[in-house]
Amino acid sequence: MKIAFVAPWYGENIPGGAENLCRRLAGNMTRKGRSPEVLTTTVRDLHSNWGENAYPAGLYQINGVSVRRFYARPLQAREFIRINSRLMAGMPITLEEEIDYMNNAVNSDSLYAFIEQQQEDYLYFFIPYLFGTSLNGTR
């Protein structure tokens, strides 16, 4: 069985604890001969325009790690940021805001189709937990 890390973005200079952990785990496993694959979107990083595909979809090699990029679903990043700011401040949000939050987080319909088609072939690890790729990818 293959191992896949699913993350909203992946690359060398992406800040963030979960993103760094994903990169380190995938890199360490590759060096040990385990050959995991990272499934991610074509979005550059947290601070970029999530509606803009910074990379073409396809299979890449980044420091020996196989990275499969999928086009992102267009979204409203401002709505996500508005609700995320409330969450980070410890403020409650409504059920409607929760739904808006996940609908406007980074998502990829082609990524979800790949996971569905390949669900028996991979052991999936979703990271970080508060993004569409994790919530919707597990469905």
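Peer 1: Quick one: what's the story with the packing of aromatic side chains, residue by residue and with numbers?
Peer 2: Applying the stated criterion across every chain, the model contains six aromatic pairs. Looking at Arg69, its charged tip hangs above the ring of Tyr60, at a distance of 5.3 Å from the centre.

Peer 1: If you had to explain the nonpolar core to someone new, which residues and values would you point to?
Peer 2: Within the largest apolar cluster, 14 residues are counted, with the highest numbers of intra-cluster contacts made by Trp9, Val43, Trp50, Phe80, Tyr101, Val106 and Phe131. Going through the elements one at a time, helix H2 (77-88) and helix H3 (95-103) are the ones with two or more residues in this core. In this structure, Phe80 is in contact with Trp50, Tyr101, Asn104, Ala105, Leu130 and Phe131, ignoring residues within four places of it in sequence. Ranked by size, the runner-up nonpolar core spans 12 residues in total, among them Ala26, Met29, Ile62 and Ile127.

Peer 1: Could you give me a rundown of the environment of Tyr10, with the residues and numbers involved?
Peer 2: Mapped onto the elements of the fold, Tyr10 is located in the loop between strand S1 (2-6) and helix H1 (17-31). Overall, the relative accessible area of 3% leaves Tyr10 in the buried class. For the pair formed by Tyr10 and Arg68, sequence separation is 58 residues and the distance between their alpha carbons is 9.8 Å. Residues in contact with Tyr10, not counting those within four places in the same chain, are Cys22, Arg23, Ala26, Val38, Thr40, Ile62, Val65, Val67 and Arg69.

Cut-offs and rules
- Residues numbered from 1 in each chain as written.
- Predicted model: local features only at pLDDT ≥ 70, side-chain atom pairs only at ≥ 80, totals over all residues.
- Heavy atoms only, no water.
- Phe/Tyr/Trp six-rings, centres within 6.5 Å; stacked < 30°, edge-to-face > 60°.
- Lys NZ or Arg CZ within 6 Å of the ring centre and 35° of its normal.
- Core = buried A, V, L, I, M, F, W, Y, C linked by side-chain atoms within 4.5 Å.
- Buried < 20%, exposed > 50% of the residue type's maximum accessible area, 1.4 Å probe, protein only.
- Helix = DSSP H or I, 4+ residues; strand = E, 2+ residues; numbered from the N terminus.
- Contact = heavy atoms within 4.5 Å.

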